[in-house]
Amino acid sequence: MFPTPSTTNLDVARVYEPAEDSFLFLDLLQEELPFIQERFATANAPTPLVVEIGLGSGIVTTFFHKNILPNALFIGTDINPYACSISIETSKENGDTRYFDVLRTNLWDGLRPGLVDVLLFNPPYVPDETVPSIENAVKTDDWLDFALLGGSDGMQVTSAVLDRLAEFLNLARGVAYILFCKRNKPVEVANSMRNRGWIVDMVNERKAGWEVLSIWKFRKVK
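Reading the values: rules and limits
Residues numbered from 1 in each chain as written. Predicted model: local features only at pLDDT ≥ 70, side-chain atom pairs only at ≥ 80, totals over all residues. Heavy atoms only, no water. pLDDT = per-residue confidence, 0-100. Helix = DSSP H or I, 4+ residues; strand = E, 2+ residues; numbered from the N terminus. Buried < 20%, exposed > 50% of the residue type's maximum accessible area, 1.4 Å probe, protein only. Arc of directions from axis to C-beta. Contact = heavy atoms within 4.5 Å. Pairing = 2+ DSSP bridges. Axes fitted to C-alpha atoms, helices over the stretch in contact; angles between N-to-C directions.

Asks: For the confidence of the model for the chain, give the residues involved together with the corresponding values.
Replies: Regions with low pLDDT carry predicted coordinates that are not meant to be interpreted in detail. Summarising the model, the chain shows a mean pLDDT of 91, and 100% of its residues fall at 70 or more. Between the elements of the chain, mean pLDDT differs from a low of 81, seen in helix 5 (residues 134-140), to a high of 98, seen in strand 4 (residues 118-121).

Asks: Please set out helix 2 (residues 33-40) residue by residue, giving values where relevant.
Replies: Turning to helix 2, its buried residues are Leu33, Ile36 and Phe40. Axial view of helix 2: buried residues confined to an arc of 70°, hence all on one face. In helix 2, the exposed positions that point more than 90 degrees away from the buried face belong to Pro34 and Glu38. On its buried face, helix 2 is in contact with helix 1 (20-31), helix 3 (59-67), strand 4 and strand 5 (175-181).

Asks: Describe in detail the sheet that holds strand 7 (residues 211-220), supporting the description with residues and values.
Replies: Overall, mixed pairing links the seven strands, which are arranged 3-2-1-4-5-7-6 in an open sheet. Looking along the sheet, the strands with just one partner apiece sit at the ends: strand 3 (100-104) and strand 6 (198-208). Neighbouring strand axes in the sheet, compared pairwise and without regard to direction, differ in orientation by 20° on average. Bridge count for strand 2 (residues 73-78) against strand 3 is five bridges, and the pairing is parallel. Its bridge partner lying in strand 3, Asp78 is registered against Arg104.

Asks: Account for the pairing of strand 7, with residues named and values stated.
Replies: Of all ten residues that make up strand 7, eight are buried, and the element is covered over most of its length. The pairing of strand 5 with strand 7 spans six bridges and is classified as antiparallel. Residue Leu179 lies in a different strand from strand 7, and its bridge partner there is Ile215. Hairpin connection of strand 6 to strand 7: two residues between the antiparallel strands, including Gly209 at a positive phi of 65°.

In structure tokens, the structure reads:
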């Protein structure tokens, strides 16, 4: 087992503290190591671009750099300014991620289409009638809900990413890893994406308290 990156400077009042969903992602990446290295780390292969949407504490990108593809290029995005800062601190605390840039932005905004080789996304998946707004977060300094609340079915943010997956992923070799809870109805989502020309596989699942979490792998049919 690879060690979990440390997050000494984490501000848990503003930035999502690593929990069962985070650790499920780390375990999944370790299991997917042979697939990812065969796909991206072969001789003469172009340097891959790894993008994490919703960096949070930064432990997933840091783990990926240290243990999966050390020579990749990394970009992380988050709407939460505190998450952007903390993710850089997490990287430095664990040996520093080379070629790592952080964008404070909404999901894909600011990225060039067609260049993402590996997408990592642990979204706000909790069903709730409200979705956080920038205006309210600025007024109340309540940024944590951006990592948690995903609309009435928990899918509002995830659907926005899936709808543009074909636009931003490198369709020749790109792969996306996206986490769902059972209430998001991931089987239905997977079938819908298959109908749109994607290869979709559940690659990990775990019961976390009363919730069942799963991670699904998306690739485009060639």
